[in-house]
Amino acid sequence: MAPKMHRQRKRNQSPPRDPAGIFAGMFVFLIENGVSKLRLQVWKKKLYQMGANVDDKFSTKITHVFANDLDSLLQKLGRLQVSRFKGLILRYQWLEDSLVLGEKASEDSYILPIDKEEKLSRCTVREKSGPVAGESFPKSASAADSIHNEKLRTEKVSTSSEDLKNTSAEEKEKIIQNTVSEASNSSSKSDDLSHYISAEETHSPDSSDVDDKNAGSSESSLVYNPPDLNKNITGIFGKLINIYRAMGDDRRSFSYYKAIPVIEKLPFKIESMEQVKHLPAIGKSMQDHIQEIVTTGKLSKLEHFETDEKVQEMELLLQKAGENVLPGVVILCAGSYRRGKASCGDMDIIITHPDGKSHIGFLSKYIKHLKDLNFLKEDLLVGIHSEEGTDSGVDTYFGLCTYPGGELRHRIDLKVYPKDIYAFGLIQWTGNDVLNRRLRLIAESKGFRLDDKGLFPATKSSGGSRGVRATASLKFKTEYEVFQFLGFPRLKPTERNL
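Because the structure is predicted, anything quoted here is derived from the model rather than measured.

So, how was this worked out
Residues numbered from 1 in each chain as written. Predicted model: local features only at pLDDT ≥ 70, side-chain atom pairs only at ≥ 80, totals over all residues. Heavy atoms only, no water. Helix = DSSP H or I, 4+ residues; strand = E, 2+ residues; numbered from the N terminus. Buried < 20%, exposed > 50% of the residue type's maximum accessible area, 1.4 Å probe, protein only. Contact = heavy atoms within 4.5 Å. Areas by Shrake-Rupley, 256 points an atom, 1.4 Å probe, with all protein chains shown as cover. Polar contact = N/O pair within 3.5 Å; in protein donor to acceptor, adjacent residues only side chain to side chain. 1 Å grid on protein atoms, 1.4 Å probe; cavity = no way out; pocket = protein on both sides within 12 Å on 5 of 7 lines; lining within 4 Å. Points joined across faces, edges and corners; volume = space filled by probe spheres on them. Nonpolar A, V, L, I, M, F, W, Y, C, P; charged D, E, K, R; others polar. Salt bridge = Lys/Arg side-chain N within 4 Å of Asp/Glu carboxyl O. Axes fitted to C-alpha atoms, helices over the stretch in contact; angles between N-to-C directions. Parallel < 35°, antiparallel > 145°, perpendicular 65-115°, else oblique.

Undergrad: Please explain the overall build of the chain as it appears in this structure.
TA: Along its length, the chain carries 20 helices and 12 strands. In the chain, buried positions account for 46% of the 498 residues. Within the chain, contacts between residues separated by at least 24 positions form 66% of all contacts whose residues are at least 6 apart in sequence. Here the chain displays about 24800 Å² of accessible surface, and carbon together with sulfur accounts for 51% of that area.

Undergrad: Please explain the environment of E481 as it appears in this structure.
TA: Secondary-structure assignment places E481 in helix α20 (residues 479-486). With relative accessibility at 31%, the residue E481 sits in the partly exposed group. Polar side-chain contacts of E481 include one of 2.9 Å to the backbone nitrogen of K477.

Undergrad: I would appreciate a short explanation of empty space enclosed by the protein in the present structure.
TA: Left-over empty space is what a probe sized like a water molecule reveals as it rolls over the atoms. Under the criterion given, the structure shown has four cavities of 30 Å³ or more. Of the voids in this model, the largest cavity is the one considered here, and its volume is about 60 Å³. F424, I427, Q428, N436, L439, R440, L450, D451 and D452 together form the lining of the largest cavity. At the level of secondary structure, the elements contributing two or more residues to the lining of the largest cavity comprise α18 (422-430), α19 (433-445) and β10 (448-451). When its residues are assigned to classes, the lining of the largest cavity shows four nonpolar, two polar and three charged.

Undergrad: Would you mind going over the pattern of salt bridges with me for this structure?
TA: Pairing between side chains of opposite charge can happen when their charged atoms approach one another. All chains considered together, the criterion is met by 15 salt bridges. With a shortest N-O distance of 2.8 Å, K76 and E32 are connected by a salt bridge. Of this pair, K76 sits in helix α3 (residues 70-77) while E32 is found in the loop between β1 (27-30) and α2 (37-49), placing the two residues 44 residues apart along the sequence. You can call E32 partly exposed: its relative accessible area is 32%. Across the pair D55 and K61 runs a salt bridge, and its minimum N-O distance is 3.4 Å. One connected set of salt bridges, linked through shared partners, spans E96, R338, E479 and R496.

Undergrad: Could you clarify how one ought to interpret the packing of α18 against α20 in this entry?
TA: α20 packs onto α18 with a crossing angle of 85° between their chain directions and a minimal axis gap of 8 Å. With respect to their mutual orientation, α18 and α20 come out roughly perpendicular. Every residue of α20 that contacts α18 at A423, F424, L426, I427 and T430 is listed here: E479, V482 and F483. Taken together, the residues that form the contact of α18 with α20 break down as six nonpolar, one polar and one charged.

So, in structure tokens, the structure goes:
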């Protein structure tokens, strides 16, 4: 019995650090903007296990910076620091593809397109003569300052709902008009704060030495704490600000940011969107949100985001479970979740292993382990082909699962691909359907057949119609190599909602 317990403890241990791993010699700084905390944990763990050093502070020893996009990078580090950085700035996709390949992917196609000379020039001009034309950053304004100023303005409105009970309809209308006028002025003044969360405004050029604790307190100062009268609305809008900010969507984040001070200035509790139709910064979409909140007490858009957080938890659970069964296995949630959609239905889980052989026989062990964790509830279909070499060696599981701590069952599909055709599976199951149809048509026009198992030369029948595909697929290491071969634009997963 003792040896069995020893084996169980050993299996649950994380793989040891490999100082000579594929990321050896790298000093990494991760831009967390737009990336979930759970996914960051996974990246940090993989980087450390494979030889890299991950630092929580940006300093001169950093060799590689990873970010979702340019906006996220500039929000965190600021333009001046980015222009001075001498290392590589890469998209997170490079990490994902390198793990699949089992070696470093070529960095060329993953480098964020940053013209350092242009940015340095823009920063220099800005320091001497104010904002560059086309920029919306005020020279000395910060997010904390803007929120503080809004609260000061709010304090000027001292009329309470109790006072209004004893006020005539004519006087009440005057109060509302004054409130609207003041809100309009403050809204127009805040139009220049569309990037109020920019790191350039909250970090000095030497902010690489700022303590993490100070950074945390600076971040917490942006959390919105609305007053009482319409807190049911402004509280939800405040959550959406933080969500869109984390996604790097400044436009939507700022639209809610402008609406909140307008709503909080109102000396009455909103009971219908008819009461806010005339207010500035409250467009048709915002009115619909307000109506839904006052009618139901919640907002479906926010619930979709919260569901997305549950999917992140499930993905992390699946990744940890896979690591326990087979160290080094790559497990990703594809579908609408990978495309960044606000809601996610079925879960499409795509799996492979960088060594090209350890995936064989993995699915059966993985299913058993997930059932032991009480995650999988019901089997719908199981197809094991890797051991026999049939169906291109792709193993499939369709079933039902439950969210951690929940009872509602959800559909889950597990697909295990050999490394050499993994890119095709990732394209197919990330979608969307419109994109997949276009890719198939392009492939056919070039004399190929495309599906989730490969890109195959196709023979033509005597009548000129589409013929039978060949048995061997062309080999590509990444999705982007497939796109390039077909002459299709290089679309990131979040750009594939066609």
